[in-house]
Amino acid sequence: MLDGLRIIEIEGLGPCPFAGMMLADMGADVIVVHRPGGNPAPGMPHAPILDRGKRSIELDLKNADDSAILLDLVGTAEALIEGFRPGVMERLGLGPAECHAVNPALVFGRMTGWGQSGPLAQRAGHDMNYIATAGALWYGSLPGQTPMAPPTLVGDIGGGAMYLALGVLAGILNARATGQGTVVDAAIHDGTASMMNLLMTLGQGGGLSEARGQSLLDGPHWSRTYRTADDGYVSVQCLEPKFYGIFLDRMGLAKDPDFAAQFDRARWPELGRRLESLFASQPRAHWTALFEGTDACVAPVLTPRESMRHPINTARRTWHEADGVMQAAPAPRFSGASEWTPPPVPERGAHTRSILEELRARR
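How each quantity is defined
- Residues numbered from 1 in each chain as written.
- Predicted model: local features only at pLDDT ≥ 70, side-chain atom pairs only at ≥ 80, totals over all residues.
- Heavy atoms only, no water.
- Helix = DSSP H or I, 4+ residues; strand = E, 2+ residues; numbered from the N terminus.
- Buried < 20%, exposed > 50% of the residue type's maximum accessible area, 1.4 Å probe, protein only.
- Contact = heavy atoms within 4.5 Å.
- Areas by Shrake-Rupley, 256 points an atom, 1.4 Å probe, with all protein chains shown as cover.
- Pairing = 2+ DSSP bridges.
- Axes fitted to C-alpha atoms, helices over the stretch in contact; angles between N-to-C directions.
- Phe/Tyr/Trp six-rings, centres within 6.5 Å; stacked < 30°, edge-to-face > 60°.
- Lys NZ or Arg CZ within 6 Å of the ring centre and 35° of its normal.
- Core = buried A, V, L, I, M, F, W, Y, C linked by side-chain atoms within 4.5 Å.
- Parallel < 35°, antiparallel > 145°, perpendicular 65-115°, else oblique.
- Left-handed = near helix turned anticlockwise from the far one by under 90°.
- Nonpolar A, V, L, I, M, F, W, Y, C, P; charged D, E, K, R; others polar.
- Salt bridge = Lys/Arg side-chain N within 4 Å of Asp/Glu carboxyl O.
- 1 Å grid on protein atoms, 1.4 Å probe; cavity = no way out; pocket = protein on both sides within 12 Å on 5 of 7 lines; lining within 4 Å.
- Points joined across faces, edges and corners; volume = space filled by probe spheres on them.

*Asks:* Let's hear about the overall build of the protein chain: which residues, and what values?
*Replies:* Helix and strand counts for the protein chain come out as 14 helices and 11 strands. Classification of the 363 residues of the protein chain by burial places 42% in the buried group. Considering only contacts in the protein chain between residues 6 or more positions apart, those separated by 24 or more positions represent 67%. Accessible surface, the protein chain as shown: approximately 18600 Å² in total, 56% of it carbon and sulfur.

Here you go:
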């Protein structure tokens, strides 16, 4: 889908390389600039999945000759993405002004936690901090529990990488139409807050409360997870009354008057405790089988490895394994595309020579 589109990615952590992976998955020529001899962050491998399908060149951006090579690459690209704190690229002499002098139509994509401006712009932070200040973490657990969200998914990926990729593509379309580049200020805090507009829409109809456990999606007995007898978990989220009715019927509660008033907030805590006891009486496999093939909106909580063995993965090939490493296929999917197989992950600097030869051939 993005064949012929060249993106320069400056090596970084988390959201920026994830956005680069998304663009490479869709066919863009993504050249990642790795630091010579650079060490990965704690817990990160030397050849991360996030670099799949990209080309790698090693450049020391503090070296004048290597900086000149980067600017040469900028002249061949439609976008550059980076994830440093505000001002770092400018101090290297590689900020938007220098890059636009070489390529006025360049889209300069910037990924930060707090944004390019504002009182927190220079402060360190991580996924949990950004989603906490954006208001999203508030709904991350039931009343009385410490708020917690799945690591990296809400902030780094949802509020960060996705908005960076979308902003870069929008900027490229505008540059192609006008010849004028732009700077994309993609802040994880901003993107996370933006994603909350669905919840804010729910609030318009009275379905959202700032009292934890009193909103339609963060506290009802029919919208939460339950522990099973074998220490597994099942998810229940039967919001619509017709699905709630199916759920009650399968649970043997259809004639229980206590469960009749689905939206009576005062009853939610007690009904949740009753369901906790019921779900704890049988293993996860029992509940999975009980709700199989129904519209009760009940599903087992699976580990990634279990998800890979689930029938939906057999049908859709969402999860793949290459060289013993699990990774998910690109999303979304496009009609007419061939079946995806994991592309190679380059060693750091693997394409340095070939990329430099390309640049020399263009001169």
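Now that the structure has been shown, the text picks up again.
*Asks:* Outline the sheet that holds strand 1 (residues 6–10), listing residues and values.
*Replies:* The sheet built from six strands is open, its strands ordered 3-2-1-4-5-6 with parallel pairing. Every interior strand has two partners, whereas the edge strands, strand 3 (55–58) and strand 6 (182–187), have only one. Here the average twist between neighbouring strands, direction ignored, is 20 degrees. Note that strand 1 and strand 2 (residues 29–34) share five bridges and pair parallel. Residue pairing in the sheet places Glu 9 in a bridge with Val 32 of strand 2. Relative to strand 3, helix 14 (residues 352–362) is tilted by about 85 degrees, and along the sheet it contacts strand 1, strand 2 and strand 3.

*Asks:* Explain the sheet that holds strand 7 (residues 223–227) to me, and be specific about the residues and the numbers.
*Replies:* Here three strands make up an open sheet; going across it, the order is 7-8-9 and the pairing antiparallel. Strands with a single pairing partner mark the edges of an open sheet, and in this sheet they are strand 7 and strand 9 (298–300). With strand direction ignored, the average angle separating the axes of adjacent strands in the sheet is 20 degrees. Two strands pair when backbone bridges link them, and strand 8 (residues 233–237) and strand 9 are joined in this way by three bridges, in the antiparallel orientation. Paired with Val 234 across the two strands is Pro 300, which belongs to strand 9.

*Asks:* Residue-level account of the packing of aromatic side chains, with values.
*Replies:* Tallied over the full model, the rule gives seven aromatic pairs. Seen from their ring centres, Phe 247 and Phe 279 are 6.5 Å apart, and the 20 degrees between their planes marks the pair as stacked. Taken together, the residues span a long stretch of sequence, with Phe 247 in helix 9 (residues 241–251) and Phe 279 in helix 10 (residues 268–279) at a distance of 32 residues. A network of ring pairs unites the aromatic residues Tyr 226, Phe 247, Phe 279, Trp 287 and Phe 291 as a single cluster. Over the ring of Trp 138 we find Arg 212; its NZ or CZ atom is 5.6 Å from the centre of that ring.

*Asks:* I'd love a proper account of the nonpolar core, names of residues and values included.
*Replies:* Among the nonpolar cores identified, the biggest contains 30 residues, and Ile 7, Phe 18, Ala 28, Val 107, Leu 164, Val 168 and Ile 172 are the most heavily contacted of them. Put simply, the parts of the chain that give this core at least two residues each are helix 1 (15–25), strand 4 (79–82), strand 5 (107–112), helix 6 (153–178) and strand 6. Judged by nonpolar contacts, the second largest core, of 21 residues, contains Leu 216, Val 236, Tyr 244 and Phe 259.

*Asks:* Go over the packing of helix 9 against helix 11 (residues 284–291) with me, naming the residues and quoting the values.
*Replies:* Taken N-terminus to C-terminus, the directions of helix 9 and helix 11 make an angle of 125 degrees; their axes are 10 Å apart at the nearest point. Considering their axes alone, helix 9 and helix 11 lie oblique with respect to each other. The handedness of the crossing between helix 9 and helix 11 comes out as right-handed. Contacts between helix 9 and helix 11 pair Phe 247, Arg 250 and Met 251 from the former with Trp 287, Leu 290 and Phe 291 from the latter. When its residues are assigned to classes, the contact of helix 9 with helix 11 shows five nonpolar, no polar and one charged.

*Asks:* Give me the lowdown on the environment of Glu 276, citing residues and values where you can.
*Replies:* One can find Glu 276 in helix 10. You can call Glu 276 partly exposed: its relative accessible area is 37%. Considered as a pair, Glu 276 and His 189 are 87 residues apart in the sequence and their alpha carbons are 35 Å apart. When near neighbours in sequence (up to four residues on either side) are disregarded, Glu 276 contacts Arg 224 and Tyr 226.

*Asks:* Requested: an account of the pattern of salt bridges, with residues and values cited.
*Replies:* On inspection of all chains with the given rule, the structure shows 21 salt bridges. Among the salt bridges present, the one from Asp 258 reaches Arg 267, with a minimum N-O distance of 3.3 Å. Of the residues examined, Asp 258 reaches a relative accessible area of 30% and is grouped as partly exposed. Judged by its relative accessible area of 29%, Arg 267 falls in the partly exposed class. Residue Arg 274 pairs with Asp 258 through a salt bridge whose shortest N-O separation is 3.0 Å. Of the two residues, Arg 274 is situated in helix 10 and Asp 258 in the loop between helix 9 and helix 10; the sequence distance between them amounts to 16 residues.

*Asks:* Go over the pairing of strand 7, please, and point to the residues and values.
*Replies:* By the bridge criterion, five bridges tie strand 7 to strand 8 in an arrangement that is antiparallel. Across the sheet, residue Arg 224 finds its bridge partner in strand 8, namely Val 236. In textbook terms, the turn of a hairpin is the stretch between consecutive antiparallel strands, and for strand 7 and strand 8 this stretch comprises five residues, one of which, Asp 231, has a positive phi near 65 degrees.

*Asks:* Tell me about the layout of surface pockets, residues and numbers included.
*Replies:* In this structure, the second largest pocket occupies an estimated 1200 Å³ of space. As for the second largest pocket, its lining consists of 36 residues, and the residues nearest its centre are Tyr 139, Gly 140, Ser 141, Met 148 and Leu 217. Of all the elements in the fold, those that place two or more residues in the lining of the second largest pocket are helix 6, helix 7 (188–195), helix 8 (197–204), strand 7 and strand 8. Top contributing element to the lining of the second largest pocket by residue count: strand 7, with five residues. In terms of residue class, the lining of the second largest pocket is built from 22 nonpolar, 10 polar and four charged.

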